[in-house]
Amino acid sequence: MSASRRNQVPMAVWQVLLGAVLLLGWEAGAKTGVLQPFFFSRPSDVLARVWKMVAGGGIWEHLAATVAEASLSFLIGVSGGVVFGFLLARNRFLGDLFDPYIRIVNALPRVVLAPIFLLWFGLGIWSKVALGVTVVFFIVFFNTFQGVREVDPVMVNNARMLGASERQLIRHVLIPSALTWIFSSLHISIGFAIIAVVVGEYLGSSRGIGYLISQAEGVFDTTGVFAGMAILAGVVLAVGALVDRLERYLLRWKARDSDAARGGVS
Amino acid sequence: MNGSPGGTAIRFQGVTKRFPGYTAVQNISLEAREGSFLSVVGPSGCGKSTLLNMAAGLTQPSEGAVEIFGKPLTGINASAGYMFQQDALLPWKTVRGNILLGPELRGADAGQAEQSAREWIRRTGLEGFADRYPHQLSGGMRKRVAMAQTWIVNPDIVLMDEPFGALDVHTRLRMEGEILALWAGSRKTVMFVTHDLEEAIALSDEVAVLSAGPASRLVGVYQVGLERPRNLIDIKTDPRFVEIYRSIWGDLREEVLKSYERIQA
Ligand SMILES: Nc1ncnc2c1ncn2[C@@H]1O[C@H](COP(=O)(O)OP(=O)(O)OP(=O)(O)O)[C@@H](O)[C@H]1O
Ligand SMILES: [Mg+2]
C-alpha cells in the first residue's frame, strides 16, 4: 500500500523537499537569531556568494585546479587499483606476499602523509594528486581484488572448457564480473579523491577550492567557507551522476530492482 | 584428434577422489567407448558430477588416472565440451553472445560462427530470444542456451550433467531427441549424468550405476541392447526396455534406499 503511494510521487521530489526543508530551517534559524549568522552564515548569503564567484569568474581558476587534481588522482588511482587488484587476486603467491604490507599501508591515516607529499612534490598539483592517489588506489584495489576472487568458479570453468586462455578469461569473465564491485568503489572513490585533494590544497597551496576555504577561514568568513563547500558538493553530485550513467550502460545486463529507489538521476 | 575407431574415448582407471575429510568416489574403473553414449546414474551426492569434473580435467583424481583417447589427461580436456549442472552462462552476454562464446574464444570466422549460432538458436527453440540476457529467461531456456553453447564448438566428447532436469516433459522429449540425432550423426562420445533411470536407458548404450556415498563404488555397467534409431515415446513401453529397467532398478533401488536411510539417520 505504501509502495503504490510512493510510486505516485517520484523519490526525487521527496529528496528535493527534504533539502528545501533543511535549508529553510537554517534560513529561519539565522533570521530569528537561533543560529548566530557569524558562526553559521545563512543559505541566502551562501547562495549569493556562490553566484558572485561563478558570475564574477573568480571561481574557475580554483575549480579547474581542484577538478584537474581530483581527475588525475582518480585516473591514476583507479588504473593502479584495478591492475594490482587483478594481479594479486589471480596470483596466489603475489597476493599472499603483499597482503600484510597492503594492510599496513592502508591502515595509515592519509592526512599525515600530506605534509610529506608537500615536501616531496612541492606546492603544485602533484602533492595533491599523490594524496588523492593513496586514497583512491586502496579503495579500488580492495574492491577489484574481492570482485575477482568472488567470481563464480562454474563460470570460469565453463569458459575454460570452451577454450578460454588466461587473457580471454580476464576479458570475458573476470573483468565483467568484477565490474559490479569496481563500480561500487568508483562512486566512493570519486568522493574521496575530491576530499583528499581539497585537504591537500587546504594544507598548502595557492589555488583550488581547498585554498579558497582556508583563506575564508583565515578571516572568519563563514559564508565563504560554506560557499566553497556548496561548490564542492555540486561538483561531487555532477561527477556522481556521470558515473551513474556509465554504470547503467556498462551494467545494463543486470536485473535491477526499482530504478525509482535510486533517486532517478538522468 | 580421435584415436582408432572403436577405441576408448574416456577411461577411468581405479579412480579415487578425496576431498578434505570426505571420500567422494572410491576405486572406480569405467570406460566409454569411442562414439558410444554412456549414462551415469546414482543417488544424489554419490559423486556423479565429481566423475565428470575429472573427465573434463577440472579436478585431478587423488588416486588412479583418467585417459582420454588413450592418453593420460593432464590439465583441461581440450577435446571435451561440458554442460554443467549449475547455471554457467555469462549474465552479461545475450543468448546469442553466450552461444557465440566458444567460437569467439577459439578465434573462429565471425560470419560462419554467426550462421551456426542462428542454426543453434533455431534448434533449441530460442528464436526471438537471441538478444535477451540470461536473467530474462526461464530456467529451462537457460539450459537450452547452455546446450547450444556446449555443442556449437563441436567437441569429440560431450559431458552433460543433468541437462534436462528443469525441463517440462514436452521440451525434454524434444531436447532428448535432438541430442540423439546430433549424436548419431556425429559419432561423438557422450557421458551423460542423470537422476532419471528411464532417461538413462532410453538414451544410452550403457548405463553405469554408482553406489550411495561416501566412498561410492561402481555397482555395475549395464548394456542397453535396444536398436537405434529409437522412438523416445514408444520405447518406454517396449518389453525389453521394461526388463532392462527392472534389472538395473533392482540394484539401484538398494543404493537409493541406503542413501535415504543415511539422510533419515
Ligand atoms: N569441492 C568439494 N569439497 C568437498 N566435498 C565435495 C566437493 N565437491 C563435492 N564434494 C562432495 O562429494 C560428494 C559427491 O559430490 P557430487 O557433486 O559429485 O555428487 P553428485 O552425484 O553429482 O550429486 P547430485 O546428483 O546431487 O548432483 C558430495 O557428498 C559432496 O558433498
Ligand atoms: Mg551433481
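About the thresholds
Residues numbered from 1 in each chain as written. Chains lettered and ligands numbered in written order. Predicted model: local features only at pLDDT ≥ 70, side-chain atom pairs only at ≥ 80, totals over all residues. Heavy atoms only, no water. Donors = N, O, S within 2.8 Å, 3.2 Å for Na, K, Ca; no water. Helix = DSSP H or I, 4+ residues; strand = E, 2+ residues; numbered from the N terminus. Pairing = 2+ DSSP bridges. Axes fitted to C-alpha atoms, helices over the stretch in contact; angles between N-to-C directions. Contact = heavy atoms within 4.5 Å. Near = heavy atom within 4 Å. Polar contact = N/O pair within 3.5 Å; in protein donor to acceptor, adjacent residues only side chain to side chain. Areas by Shrake-Rupley, 256 points an atom, 1.4 Å probe, with all protein chains shown as cover.

### Considerations on the coordination of the magnesium ion (ligand 2)
Within the protein, Ser49 of chain B (OG) and Gln85 of chain B (OE1) serve as the donor atoms for the magnesium ion (ligand 2), at 1.9 to 2.2 Å. Placement of Ser49 of chain B in helix H1 (residues 48-56) and of Gln85 of chain B in the loop between strand E6 (80-83) and helix H2 (95-99) is noted, with a sequence separation of 36 residues between them.

### Topic: the sheet that holds strand E9 (residues 206-210) of chain B
Residues and elements named next belong to chain B. Strands sit in the order E6-E7-E8-E3-E9-E10 across an open sheet of six strands; the sheet is mixed. Each edge of the open sheet carries a strand with a single partner, namely E6 and strand E10 (218-223). Across the sheet, the axes of successive neighbouring strands diverge by a mean angle of 15 degrees, strand direction being ignored. Pairing of strand E3 (residues 37-41) with E9 involves four bridges; the strand directions are parallel. Paired with Leu38 across the bridge in E9 is Glu206. Helix H8 (residues 239-264) contacts E3, E9 and E10 of the sheet and is inclined by roughly 160 degrees relative to E10.

### Section: the sheet that holds strand E4 (residues 63-68) of chain B
Whenever strands of a sheet pair, they do so through backbone hydrogen bonds, lying parallel or antiparallel. Residue and element names in this part refer to chain B. The four strands lie next to each other as E2-E1-E4-E5, forming an open sheet whose pairing is antiparallel. On the outer flanks of this sheet lie strand E2 (22-33) and strand E5 (71-72), each paired with one strand and no other. Alignment of strand E1 (residues 8-19) against E4, held across five bridges, turns out to be antiparallel. For Arg11, the partnering residue across the bridge sits in E4 and is Glu67. Those strands touched by H1 are E1, E2 and E4, and its axis lies near 120 degrees from that of E1.

### Remarks on the site of ligand 1
Residues and elements named next belong to chain B. Lining the immediate surroundings of ligand 1 are 13 residues, of which Ser44, Gly45, Lys48, Ser49 and Thr50 lie closest. Backbone polar atom of Gly45 to an oxygen atom of ligand 1: 2.8 Å apart, as the coordinates give it. Coverage of ligand 1 by the protein chains reaches 63% of its 640 Å² of free accessible surface. Elements that contribute at least two residues to the shell around ligand 1 include exactly E2 and H1. With three residues, the top contributor of residues to the shell around ligand 1 is H1.

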